[in-house]
Amino acid sequence: MKPHDFRSQFRDWPYGQTRRQAVKASAAAGAVAWLGGVPAGASTIDGDTPAGEFTNPIVEENKLPGTTAWQLTRVWVNEGSYRTSLIEGYCSHQSVAAGEVLHLFVSTKPARKYTLDIYRMGYYGGAGGCHKLTLGPLQGTTQPVPEMGPAPRRLRECRWEPAVTLQIPPEWTSGVYLGKLTTIPLSRHEPYWQSYVIFIVRDARPADLLFQCSDNTWQAYNRWPVNESLYTHPDGAHAPEVAVSFDRPYGKYVQILDHPLSVGSGEFLLWEFPLCYWLEQHGYDVTYGANRDSCHTSFLQRCKAFLSVGHDEYWDARQYAAVRQAMEAGMSLVWLCGNSVFIDSPFEPSADGRPDRIIWRRGCYGELRKDELDSYASLFAGLQSTAPDERTIMGVRSVVPFNGGGDWTCRAPDHWIFAGTGMQRDESIPGLVGWEHHGEPDRQLPDMQVVAAGPVWTNGTREGRYEAVAFRGPRGNVVFNAATVYWAQGLASPPGHVLPWSHYTRPHGPDPRVQQITHNVLRRAIETATTPSPSTVPAR
């Protein structure tokens, strides 16, 4: 089937695909997994919440047998610095709900048969993952690398033939799912090769916590296939109008550390998985979503607290508006991240009409001071403020110098976030600040308090400053900003996890003080939230 014929089948998709649409598309797929129908009252395409009882499924989910087999064993970045062409793939949607259909696109070079194993990521007794499905052997083919589009967008958008069509089973709990692709050698004298695909299963149930993955930022930094990201434009790292597509594999992670065993998983395993693992270890009532899902107020406001995790830099203005509306309605906001809500990056549909499959750089949130722009003149060339001040929802902003390393130092030991930690004023948690951070709080916000602050050093020499804050939302709800990408490194170290090292500074890993502060913040965030009851959550 010609590529344009296949793409036309997706043109009218809202989020996923109905069973009728899937039947039409499945003829093009190398493998079709029909894993149950859509039960009465289950999620619809728009993610409407069915009536009935609502329970925390995370505890039950984590009673299932765990496995560490989700980890990759053999990876060869064999083409350039970022790509493995031996086996690679991507998914048709960032997130899907039960009953919706996900297409997986896979390429093998040379052509090889392969298997696909899908795992949900969580705690699972410390194993970190639970095996959900095996498909294969499947016949792999070599799919084309798209040509780069014209400047300024320089867009590469794959238009591959589908390899697998998967209808999401109703029993799959919301979470982050990794698909492990493994080639099948022709003989015992040939090794197998592996990489990941990644997707999120979302739901529409009320929950205490909404874990938003930072997948826009994963894609912004993705350099697949050669060196194409939002940072590799000849006009500069922050050139406006440059675009990237989710319709391409994730190459090797490009910052902080050389970790080829994460190929295909974006930035999830480094920045976000430790928090996911820790939350599920402690039985928190958590549900998951992608950046694009947070553009919808109904998706947000069914939950009590919103979690931004790790490196959450790239936001569509609709996300900002929806999160601000949710905060004003009483949702707590917990920012366990750094350099977040910095780049104004609108979504666009793919060439075949699927919504929210391209992001591009329009500008930045808030105003950078002239001295900040001047100090990084070449880096910030062309960058202008095009979106509101991010401090309205975060309390702080990305400040220059915006990266570096430092210790997270207590400045308000009597504040409720430090209850049970025993921390004293000026006591520090070593290396917890990095590699990017927040600072310069808006002191006009209600009950604004700087709870931790201190210096950071870029490249070990240039001094900057971070500030972590807590303040009160419009309805007494909590807003907390830890002001560091590294925060989750202090919570857990799951199997396969590698601690980052940047600007000559490293975090030390799990720390009981970080864990207690996070418990305190989440407990207060849940208790103070005033969100609509399930029956009043509007449909999208």
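In the block above lies the structure referred to throughout.
Caption draft 1: How the structure looks around the overall build of the protein. If you tally the helices and strands in the protein, you get 10 helices and 25 strands. Residue burial in the protein is summarised as follows: out of 540 residues, 63% are buried. A fraction of 75% describes how many contacts in the protein between residues 6 or more apart in sequence connect residues 24 or more apart. For the protein, the accessible area works out to roughly 18,800 Å², and carbon and sulfur atoms hold 50% of it.

Caption draft 2: Region of interest: helix H10 (residues 512-528). Between the first and last C-alpha of H10 there are 24 Å, a value that for 17 residues agrees with the 24 Å anticipated at 1.5 Å per step. Of all the residues in H10, the buried ones are Arg513, Val514, Ile517, Thr518, His519, Asn520, Val521, Leu522, Ala525, Ile526 and Thr528. Between the side-chain oxygen of the N-cap and the backbone nitrogen of Arg513 there are 2.8 Å, and the N-cap of H10 in question is Asp511.

Caption draft 3: Here's a closer look at the packing of aromatic side chains. The full count for this structure, using the stated rule, is 28 aromatic pairs. For the ring pair Phe380 and Phe402, a centre distance of 5.8 Å and an interplane angle of 40 degrees mean the geometry is tilted. Of this pair, Phe380 sits in the loop between helix H8 (370-375) and strand E20 (385-387) while Phe402 sits in the loop between helix H9 (391-394) and strand E21 (406-409), and the two are 22 residues apart along the sequence. Through successive ring pairs, a cluster of aromatic residues spans Trp70, Tyr123, Trp218, Tyr250, Phe268, Phe273 and Tyr277.

Caption draft 4: Quick peek at the nonpolar core. Leu275, Leu279, Trp408 and Phe480 are the most contacted members of the largest nonpolar core, which has 83 residues in total. No other element matches helix H5 (residues 268-281), which puts eight residues into this core. Discounting residues that sit within four places of it in the chain, Leu279 has contacts with Leu209, Phe211, Tyr284, Val286, Leu307 and Leu522. Counting 29 residues, the second largest nonpolar core, distinct from the first, contains Tyr320, Met327, Met394 and Val396.

Rules behind the numbers
- Residues numbered from 1 in each chain as written.
- Predicted model: local features only at pLDDT ≥ 70, side-chain atom pairs only at ≥ 80, totals over all residues.
- Heavy atoms only, no water.
- Helix = DSSP H or I, 4+ residues; strand = E, 2+ residues; numbered from the N terminus.
- Buried < 20%, exposed > 50% of the residue type's maximum accessible area, 1.4 Å probe, protein only.
- Contact = heavy atoms within 4.5 Å.
- Areas by Shrake-Rupley, 256 points an atom, 1.4 Å probe, with all protein chains shown as cover.
- Expected span 1.5 Å × (residues − 1).
- Polar contact = N/O pair within 3.5 Å; in protein donor to acceptor, adjacent residues only side chain to side chain.
- Phe/Tyr/Trp six-rings, centres within 6.5 Å; stacked < 30°, edge-to-face > 60°.
- Core = buried A, V, L, I, M, F, W, Y, C linked by side-chain atoms within 4.5 Å.

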